[in-house]
Amino acid sequence: MTQSPIGVFDSGIGGLSVLQSLQVALPAEHFVYWADSGHAPYGEKTDLFVRQRSLAIAKHLIDKHHIKALVVACNTATAAAIHELRAQHPHLILIGVEPALKPALHISQTRHIGVIGTRGTLGSAKFQHLLTSLQDQAHFSIQACNGLALAIEQSTHATLGAQASQRITELLQTYTHEMGTFGQAPGQIDTLVLGCTHYVFAEPALRELLGPQVHLVSTGEPVARQTRRLLEAASQLRQGPRPHALAARVQLMTNGDLSSLQAAAQRWLGLPHTACQRANTPS
Ligand code: DGL
């Protein structure tokens, strides 16, 4: 089993931000990445739909790719499906992601923290539980960003890309404006939690809007560390004589637009187009 790949999935290209951190923390591991772009975005769909997609993808990765661990690189899918995934696969090493509220508490000086995510994540019982447990430690401004994951998803598309990039800026302007004032002064939001894995790829646009001082907090690195810890604890860590280039140890699949995934994988992970392939939807 130690030689088996790690499965990673998201509604689309957002989980590549988690794969970036995974491949650094786990330089000998092989990965199979599933982009469910044919069904993106998840954030504005029902819980039931997201749960069914997550279970189908997990089963596909287990049955066809014999994965030894699964990283749910999507906050929305984690909120909707992690309990059911654990129940159905009690022996699988399973790692989910959630908005990084706790790390943000260690960073914020003003004790005013912004959180952006999908409607599905921020409206979930799982998130509400996390928020309630921390609410006495800081003031949290919560903002669901409808349309943002879709615009990021489309931003690497050959024809839709330019318009989608413009849309990302417009949406971020609207949503951050609704949250309040960002900055280092008392009462201002000095830390922003990116509670959706897609949003990591909007960091340059966020920096433009919010300036260099505001802390942007994402989950890739802690998730990668946790994955490593769990593999070590289960004696499932793959040992290699020396690290191989990522291109030799990753396979990316999409049931959406292949060239969009190829462009994203090249832009953010430096991968050749041959690392990506179009695949049928698991059901
Ligand atoms: N990247 C996902 C997340 O972290 C889902 C975005 C979407 O499909 O709406 O929530």
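Residues numbered from 1 in each chain as written. Predicted model: local features only at pLDDT ≥ 70, side-chain atom pairs only at ≥ 80, totals over all residues. Heavy atoms only, no water.

## A few points about unusual backbone geometry
Threshold: Runs of E in the DSSP output that reach at least two residues are strands. Runs of H or I that reach at least four are helices, and both are numbered from the N terminus. Each residue gets one of three labels from its accessible area relative to the maximum for its type: buried under 20%, exposed over 50%, partly exposed in between, using a 1.4 Å probe on protein chains only.
Cis rather than trans, the peptide bond between Ala40 and Pro41 has omega equal to -5°. Relative to the assigned elements, Pro41 resides in the loop between strand E2 (31–35) and helix H2 (47–65). The phi dihedral of His66 is positive, around 50°, even though this residue is not glycine. Within the secondary structure, His66 is located in the loop between H2 and strand E3 (69–72). The residue Ser235 is not glycine, and still its phi comes out positive at about 55°. As for its position among the elements, Ser235 is in the loop between helix H10 (220–233) and strand E9 (250–254). Taking relative accessible area as the criterion, Ser235 reaches 58% and is therefore assigned exposed.

## Re the side chain of Arg249
Note the threshold: In this count, Lys and Arg are taken as positive residues and Asp and Glu as negative ones, while His and the chain termini are left out. In the sections that follow, a salt bridge refers to a side-chain nitrogen of Lys or Arg positioned within 4 Å of a carboxyl oxygen of Asp or Glu. The term polar contact refers here to a pair of N or O atoms within 3.5 Å; inside protein, the definition further demands a hydrogen-donor-capable atom paired with an acceptor-capable atom, and it admits residues adjacent in sequence only when both atoms are side-chain atoms. The contact definition used throughout considers only heavy atoms, calling two residues in contact when any of these lie within 4.5 Å.
Of note, Arg249 is situated in the loop between H10 and E9. Salt bridges are absent for the buried Arg249, whose nearest opposite-charge side chain, Glu29, sits at 7.4 Å. Among the polar contacts listed, one links the side chain of Arg249 to the backbone oxygen of Pro27, at a separation of 3.2 Å. Other than its neighbours up to four places away in sequence, Arg249 contacts Gln23, Leu26, Pro27, Ala28, Glu29, His30, Phe31 and His244.

## Focus: the sheet that holds strand E5 (residues 112–117)
Spelled out, the test is: Two strands qualify as a pair provided that DSSP identifies no fewer than 2 bridges between them. Every axis in this analysis is a line fitted to C-alpha atoms, fitted for helices over the stretch in contact. Angles between the N-to-C directions lie between 0 and 180 degrees.
Read from one edge of the open sheet, four strands run E6-E5-E7-E8, paired in parallel fashion. Here the strands that pair on one side only, and so sit at the sheet edges, are strand E6 (139–144) and strand E8 (215–217). In this sheet, adjacent strand axes meet at a mean angle of 20° when their direction is disregarded. Pairing geometry for E5 and strand E7 (residues 191–194), over four bridges, is parallel. What sits directly across from Ile116, in E7, is Leu194. Seen against the sheet, helix H8 (residues 161–179) touches E5, E6 and E7 and runs at an angle of roughly 150° to E6.

## A few points about the site of the ligand
To keep it simple, the criterion reads: Any residue with at least one heavy atom within 4 Å of a molecule or strand is counted as near it. Shrake-Rupley sampling with a 1.4 Å probe provides the accessible areas, and residues are treated as covered by the protein chains on show and by no other component. Only Asp, Glu, Lys and Arg are considered charged, only Ala, Val, Leu, Ile, Met, Phe, Trp, Tyr, Cys and Pro nonpolar, and every remaining residue, Gly among them, polar.
Around the ligand, a shell composed of 13 residues is seen, among which Ser11, Tyr42, Gly43, Thr76 and His198 lie nearest. Measuring from an oxygen atom of the ligand, one finds a side-chain N or O atom of Ser11 at 2.6 Å. Tyr42 places a polar main-chain atom, nitrogen or oxygen, 2.7 Å from an oxygen atom of the ligand. Starting from 300 Å² of accessible surface for the ligand in isolation, the protein chains cover 100%. Within the shell around the ligand, the residues separate by chemical class into five nonpolar, seven polar and one charged.

## Some points on the nonpolar core
Filter applied, for reference: To qualify as a nonpolar core, a set must consist of buried Ala, Val, Leu, Ile, Met, Phe, Trp, Tyr and Cys residues joined through side-chain atoms within 4.5 Å.
Counting residues in each nonpolar core, the largest one holds 56 residues, and the members touching the most others are Val8, Leu16, Leu19, Phe31, Leu192, Tyr199 and Leu252. Ignoring sequence-local partners within four residues, the contact set of Leu252 consists of Leu16, Leu19, Tyr33, Leu261, Leu271, Ala275, Cys276 and Gln277. Trp34, Leu55, Ile57 and Ala81 belong to the second largest nonpolar core, which has 22 residues in total.

## Digging into the packing of helix H1 (residues 16–25) against H10
Just so we agree on the cut-off: We call two directions roughly parallel when the angle between them is under 35 degrees, roughly antiparallel when it is over 145, roughly perpendicular when it lies between 65 and 115, and oblique otherwise. The hand of a helix crossing depends on one turn: near helix anticlockwise from the far one by less than a right angle means left-handed, and clockwise means right-handed.
Between H1 and H10, the shortest axis-to-axis distance is 8 Å and the interhelical angle comes to 45°. As judged from the angle between their axes, H1 and H10 are oblique. Between H1 and H10 lies a crossing of right-handed hand. Where H1 approaches H10, its residues Val18, Ser21, Leu22 and Ala25 are matched on the opposing element by Gly220, Glu221, Val223, Ala224, Thr227 and Arg228. In the contact of H1 with H10, the residues fall into five nonpolar, three polar and two charged.

## Overview of the sheet that holds E9
The six strands lie next to each other as E4-E3-E1-E2-E9-E10, forming an open sheet whose pairing is parallel. Of all strands in the sheet, those bounded by a partner on one side alone are strand E4 (93–95) and strand E10 (276–278). Strand-to-strand twist across the sheet, computed as the mean angle between neighbouring axes with direction ignored, equals 20°. Relative to E2, strand E1 (residues 6–10) runs parallel, the two sharing five bridges. Pairing of Gly7 across the sheet is with Val32, part of E2.

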